[in-house]
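# Understanding the architecture of this molecule
What follows is the residue order along each chain.
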Amino acid sequence: MWGIWVALASGAMMSLQGVWNTTVTRQTSIWVCSGWVQLTAFIACVILWFFSGRESIPALFSVRPLYLLAGGILGTFITYTVIKSMDGLGPARATLLIVVTQIITAWCIEFFGLFGVEKVLFEWRKIIGAYIAIAGIAVFQW
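Small disclaimer: the values here were computed from a predicted structure and weren't measured. (Residues numbered from 1 in each chain as written. Predicted model: local features only at pLDDT ≥ 70, side-chain atom pairs only at ≥ 80, totals over all residues. Heavy atoms only, no water.)

### Focus on the confidence of the model for the protein
- Looking at the protein, pLDDT values average 93 and 100% of them are 70 or higher.
- Averaged pLDDT values over the elements of the protein bottom out at 92 in helix H5 (residues 124–141) and peak at 95 in helix H2 (residues 30–51). (pLDDT = per-residue confidence, 0-100. Helix = DSSP H or I, 4+ residues; strand = E, 2+ residues; numbered from the N terminus.)

If you want it as structure tokens, here you go:
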């Protein structure tokens, strides 16, 4: 049950962040805003690290495969694309497309067992669910 509440909070915060970042971008620029987002995220992580378990920072150097360490770079592009999509489509439409794409991408990662994720079996109901989600986008657009 806790996981559901955390996921709901995550979705709400992602929508808020997207709207806030889009507004900041209109008043500054995309890279000023993205840089500020990444900088403040880093500061928040450092502060929270001091109040939590203080896990080993040098452990990062033993992470394999190395491409897994590119999450921050990916985060920069996520920030950019969320801002641009919300600016072009509005918060509701952009978030709908983002979430449906996340679901389909996550299922593909599970189905093909990518990035060390345990493989799942093919299930027609998941394909049907994806088509229903895509149909939901079409209904929402009308």
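Past the structure itself, the notes keep going.
### A few points about the pattern of salt bridges
- The final tally for this structure, using the stated rule, is 3 salt bridges.
- Across the salt bridge formed by Glu-123 and Lys-126, the nearest N and O atoms sit 3.8 Å from each other.
- Relative accessible area serves as the criterion here: at 24%, Glu-123 is assigned to the partly exposed category.
- Linked through salt bridges whose partners overlap, the residues forming this network are Glu-123, Arg-125 and Lys-126. (Salt bridge = Lys/Arg side-chain N within 4 Å of Asp/Glu carboxyl O. Buried < 20%, exposed > 50% of the residue type's maximum accessible area, 1.4 Å probe, protein only.)

### Observations concerning the environment of Ser-85
- Mapped onto the fold, Ser-85 is located in helix H3 (residues 71–89).
- We classify Ser-85 as buried; its relative accessible area is 18%.

### As for the packing of aromatic side chains
- In this structure the tally under the stated criterion is 8 aromatic pairs.
- Clustering of aromatic rings is evident, with ring pairs tying together Trp-107, Phe-111, Phe-112, Phe-122 and Trp-124.
- In this arrangement the basic side chain of Arg-54 is found over the ring face of Trp-49, its NZ or CZ atom lying 5.9 Å from the centre. (Phe/Tyr/Trp six-rings, centres within 6.5 Å; stacked < 30°, edge-to-face > 60°. Lys NZ or Arg CZ within 6 Å of the ring centre and 35° of its normal.)

### Some remarks on the packing of H3 against helix H4 (residues 91–112)
- Where H3 contacts H4, the axes come no closer than 7 Å and their chain directions differ by 130°. For the element pair H3 / H4, the angle class is oblique. Read as a crossing pair, H3 and H4 show a hand that is right-handed. From H3, Val-82, Ser-85, Met-86 and Leu-89 reach across to H4, where they touch Pro-91, Arg-93, Ala-94, Thr-95, Leu-97 and Ile-98.
- Looking at the contact of H3 with H4 residue by residue, the class counts come to 7 nonpolar, 2 polar and 1 charged. (Axes fitted to C-alpha atoms, helices over the stretch in contact; angles between N-to-C directions. Parallel < 35°, antiparallel > 145°, perpendicular 65-115°, else oblique. Left-handed = near helix turned anticlockwise from the far one by under 90°. Contact = heavy atoms within 4.5 Å. Nonpolar A, V, L, I, M, F, W, Y, C, P; charged D, E, K, R; others polar.)

### What about the side chain of Thr-79?
- Looking at the secondary structure, you find Thr-79 in helix H3.
- We classify Thr-79 as buried; its relative accessible area is 9%.
- With residues near it in sequence (within four places) discarded, Thr-79 still touches Asn-21, Ser-34, Val-37 and Gln-38.

### Remarks on the packing of helix H1 (residues 2–27) against H2
- Their axes nearest at 8 Å, the elements H1 and H2 cross at an angle of 135°. Put simply, H1 runs oblique to H2. Considering how the two elements wind past one another, H1 and H2 form a crossing that is right-handed. Only Ile-30, Cys-33 and Val-37 of H2 make contact with H1, whose side of the interface consists of Gln-17, Asn-21, Val-24 and Thr-25.
- Grouping the amino acids of the contact of H1 with H2 by side-chain chemistry returns 4 nonpolar, 3 polar and no charged.

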